[in-house]
Amino acid sequence: MRKFDTKVQYLKYKVLREVAREAWNDTLLDNVLDIPTKIVPGNTPTMRCCVYKERAILSERVKMAMGGDKNNPNVIEVIETACDECPMGGYEVTNSCRGCLAHRCEDVCKRGAISFDHNHVAHIDKSKCVNCGACAKVCPFAAIVDRKRPCQNACKIKAISMNENKAAKINNDKCIACGACVYQCPFGAITDKSFIIDVIDILKNSDNNKKYKVFAVVAPAISSQFTYAKLGQVISGLKELGFYTVIEAALGADMVANAESKELAEKGFLTSSCCPAFVDYIHKTFPDLVPFISHNLSPMATISKYIKEHEAPCKIVFIGPCTAKKAEVLKDGVKPYVDSCMTFEELQALFDSRDMDITTLSEDVLDNASYFGRIFARCGGLADAVKEGLKENGIENFELIPISCDGIEACRVALLKKSKNVLNANFVEGMACIGGCIGGAGCLTHGEKNKAEVDKYGMEAHEKTISDAISVLK
């Protein structure tokens, strides 16, 4: 029964599970130092050359599972001791070099960094090379490659560099907490802070929902996760953990689509506000475009605000695929509505920390939102929902020209065009992750099949229109 895409995710899960187990039992502080030994018993290392280094790294993972560095405002951090195996040489000549006579690489290099040995094989002088890549472009054998680290390749906003110890370093002024580096790091050296202990405290202190009700607000991407069980069993599992009930963030998406369509028609141009990484990217890279960001809160915050206003006293925990949501819930404009946040990875750890087999549970029902609210989980869904919102609100004199940006690189292109007034669109749907929320770093699984699962989940919605879904809120 495979629950995760990678073994790195599985390792992270094991640490989270053990931390959660101790937290439930109020023994975490007493046993925290024993967790690495539980995961790697005996004297034989399983992942590193040395069992002592392996446990030292696990100790750092335990700290991240307990909330990480409180002095670092970023929810993404580097475990420096785990980051020591990736090449960082820049452009290098591989053994594909055939020692050809053309020497195009030499001719194109303006720094004189290319030389040849007695076999005419090219070599790059690192003291002269500026990593422009011109030589790689002209090599007919593609023999020159750029040896960037996976985290650097994953980070499309260039927020990652190397420190004096050759470990990854994150520039918090650029980082948007999208988590692309977290998912792509093959050693798990970059990871997101966990609030799993906070979630457990909220559940335990609710006194079985007598002191306050604890609501789980789940992202629509949940429909493509936990593939080994049925969605209704996941919902039952959440209630077994102690949540009062489970609400779809997709209902908040319906509310946002309804309001955002009106705002768009009134203002004439908008960028979406649903993806916190995309919003953060605009603030940090295109500050002149900040006035165009929709004034609506994200679907998570929108539905949470409604719940707080109508179900007090209560606590709300958001559960989704997104590391950037962890940063969003810390913002002043969202903090009053969402008490904590965790990913699907962490939810799996929470289930197993209680030794729950959700496949044995009966199926509960999750039916708050419309088709349009549910498809927010994949790229293009928001634009489709705004189009429906315009239609349902009777706004017929406004022509919607959307552009759905699949990943932060596509977002950059669209925003750059808008900054130069050459963008042929009046609504920018920005999704920092490839595929949308279904590509989030906190997903259990990633892949094209997840889009089909989201669309299927949308079609199963009892409410077929946005108006029908939000009518129960009036």
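Before reading further, recall that the structure is shown in the block above.
What counts and how
- Residues numbered from 1 in each chain as written.
- Predicted model: local features only at pLDDT ≥ 70, side-chain atom pairs only at ≥ 80, totals over all residues.
- Heavy atoms only, no water.
- Patch = residues over 30% accessible without salt bridge, like charges linked within 9 Å, V, L, I, M, F, W, Y side chains within 5 Å.
- Areas by Shrake-Rupley, 256 points an atom, 1.4 Å probe, with all protein chains shown as cover.
- Salt bridge = Lys/Arg side-chain N within 4 Å of Asp/Glu carboxyl O.
- Lys, Arg positive; Asp, Glu negative; His and termini not counted.
- Charge placed at Lys NZ, Arg CZ, Asp CG, Glu CD.
- Helix = DSSP H or I, 4+ residues; strand = E, 2+ residues; numbered from the N terminus.
- Buried < 20%, exposed > 50% of the residue type's maximum accessible area, 1.4 Å probe, protein only.
- 1 Å grid on protein atoms, 1.4 Å probe; cavity = no way out; pocket = protein on both sides within 12 Å on 5 of 7 lines; lining within 4 Å.
- Points joined across faces, edges and corners; volume = space filled by probe spheres on them.
- Contact = heavy atoms within 4.5 Å.
- Axes fitted to C-alpha atoms, helices over the stretch in contact; angles between N-to-C directions.
- Parallel < 35°, antiparallel > 145°, perpendicular 65-115°, else oblique.
- Nonpolar A, V, L, I, M, F, W, Y, C, P; charged D, E, K, R; others polar.
- Pairing = 2+ DSSP bridges.

Sorry if this is basic, but what is going on with a positive patch on the surface here?
A surface patch of positive charge is lined by Lys148, Lys156, Lys158, Lys174 and Arg412. Turning to its location among the elements, lysine 174 is positioned in the loop between β7 (168-170) and α8 (180-184). On the basis of relative accessibility, which here comes to 39%, the residue lysine 174 falls in the partly exposed class.

Any chance you could explain empty space enclosed by the protein here in plain terms?
A probe as big as a water molecule, rolled over the atoms, marks out the empty space that is left. The final tally for this structure, using the stated rule, is five cavities of 30 Å³ or more. Lining the largest cavity we find 23 residues, and of these Ala219, Cys274, Lys325, Phe376 and Cys437 sit closest to its centre. When residues of the lining of the largest cavity are traced back to their parent elements, those giving at least two are α11 (249-267) and α13 (299-310). By residue number, the principal contributor to the lining of the largest cavity is α11, which donates three residues. If you add up the space inside the second largest cavity, you get close to 190 Å³. What lines the second largest cavity is a set of 17 residues, among which Lys12, Arg61, Gly188, Thr191 and Asp192 lie closest to the centre. For the lining of the second largest cavity, the secondary-structure elements that each account for two or more residues are α1 (7-24), α4 (51-65), α8 and β8 (190-192).

How do you make sense of the environment of lysine 174 when you look at a structure like this?
Placed 248 residues apart in sequence, lysine 174 and valine 422 show a C-alpha to C-alpha distance of 25 Å. With residues up to four places along the chain from it excluded, the contact list for lysine 174 reads Ile157, Lys158, Ala159 and Lys284.

Where do I start with the packing of α11 against α13 in this structure?
At a closest axis distance of 7 Å, the pairing of α11 and α13 adopts a crossing angle of 100°. The orientation of α11 relative to α13 falls into the category roughly perpendicular. Contacts from Ala249, Leu251, Gly252, Ala253, Met255 and Val256 of α11 reach α13 at Pro299, Thr302, Ile303 and Tyr306. Looking at the contact of α11 with α13, its residues break down into eight nonpolar, two polar and no charged.

How should the sheet that holds strand β12 (residues 314-320) be read in this particular structure?
Each strand in a sheet pairs with its neighbour through backbone hydrogen bonds, running either in the same direction (parallel) or in the opposite one (antiparallel). Pairing in this open sheet of four strands is parallel, and the strands run β10-β9-β12-β13 from one edge to the other. This sheet does not close on itself; its edge strands, each paired only once, are β10 (245-248) and β13 (340-343). Direction aside, the axes of adjacent strands within the sheet are offset by 25° on average. Note that β12 and β13 share four bridges and pair parallel. Paired with isoleucine 319 across the two strands is methionine 342, which belongs to β13.

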